[in-house]
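# Report on the structure
Now for the letters of each chain:
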Amino acid sequence: MNENTPITMKDIARELGVSISTVSRALQDSPRISLAQRERIKAFAQEHHFTPNYVAETLRHLRVRPQKIIGVIVPQFAHDYFASILSGIEQEASAHGYTLMVAQSNEQYLQEVRICKAFYEHKVCGIIVSQAKDTRQYAHFQQLIDLGVPLVFYDRICTGVNASRVVVDDYMGAFNAVTHLFNTGCRRIAYYGSPMTLEISKNRYNGYRDALLRQGLQPREEWIRICDNRSDAESITPEILQQEVIPDAFFAVNDDTAIGILHTVKRLGYRVPEDISICGFTNDQRAESCDPMLTTVEQRGVNVGEEAANILISQVEGTLPKDRVERRVVRTRLIIRGTTR
């Protein structure tokens, strides 16, 4: 044993050749353990400065069955949309007597795997999750389902496992936004999107593409970029605006990206929307703080959260079978403001 590492009951059991349960009972003066054995174990524990972890012991005894605690995995706390979804989950959960245990994957697959493991060990009654951008393997999700843990995806769904999910109508939201740009006179419409490994990215891109094709326009590869945050938008947009032919509109996968486009376009001397129109996708609080205010597709995050929590709680309480896969779609709407004509 390392002298600098606190000793555990497992260490004591190994050193003395007894079971962990024997060590636990001896330290609690259980009459089921002989007096000589109790004194031997206590002496060894005292000699090695053993301190019992009462919190872990309490949890071990209390958690015979899952508690009314829902685990929620958020890709990024800083994202306003995820914050609104979390608010919706909390409202629905609280109304039914449930509390939340929330963790951030920070868009990292390995962190997502660790959170799933920790939630299971803490006996949450179910998990609501939006997949991290970095996730390419899905065994950790399938394992939860195999272990009987109700699992509901929101926003970024995992098509690799058969689980319930709540999404917005990404395709129609994008289709309607690009159609609006066309109807207001735009013909050269650029697209900034997320990696195509995400289902929402595919749906929004397909909505963008099909809206162009419906109007007899072809998507131009030089105006289609993987760009889903303000920082990247501010670095990519100047390059696009240096081309011989430039877009007269941008459709962005989220408001953060759209705001980056707006800031850059104005800095480079273009008028919005007279020269260039811009449309985002989210309708978070910043959309009304821009100058001009941002035209965007409203995602209704609170409704998404409420629906996800409703499915999970129904499965936990038995009003929906655990093996029934629910697919719910929250409708979007286009909010027209000052960045489009």
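Residues numbered from 1 in each chain as written. Predicted model: local features only at pLDDT ≥ 70, side-chain atom pairs only at ≥ 80, totals over all residues. Heavy atoms only, no water.

### Structural notes on the sheet that holds strand β3 (residues 126-129)
Strand order across the open sheet formed by 6 strands is β2-β1-β3-β4-β5-β11, with parallel pairing between neighbours. Either end of the sheet is taken by a strand with one partner, and the two such strands are β2 (99-104) and β11 (327-330). Taking the axes of each pair of neighbouring strands and ignoring which way they run, one obtains an average angle of 20 degrees across the sheet. Direction of pairing for strand β5 (residues 164-168) relative to β11: parallel, over a ladder of 4 bridges. Counterpart to V168 in the pairing with β11 is V330. On top of the sheet, helix α12 (residues 301-317) reaches β1 (69-74), β3, β4 (151-154), β5 and β11; it is set at about 170 degrees to β5, its chief contact. (Pairing = 2+ DSSP bridges. Helix = DSSP H or I, 4+ residues; strand = E, 2+ residues; numbered from the N terminus. Axes fitted to C-alpha atoms, helices over the stretch in contact; angles between N-to-C directions. Contact = heavy atoms within 4.5 Å.)

### A closer look at the sheet that holds strand β8 (residues 249-252)
Spatially, β7-β6-β8-β9-β10-β12 is the arrangement adopted by the 6 strands of the open sheet, whose pairing is mixed. Looking along the sheet, the strands with just one partner apiece sit at the ends: β7 (224-226) and β12 (333-335). The average angle at which neighbouring strand axes cross in this sheet is 20 degrees, direction not considered. In the packing of helix α9 (residues 199-214) onto the sheet, the strands contacted are β6 (189-193), β7, β8 and β9 (277-282), and the crossing angle to β6 comes to about 175 degrees. Its contacts with the sheet put helix α11 (residues 255-267) on β6, β8, β9 and β10 (295-298), and the angle it makes with β9 is roughly 160 degrees.

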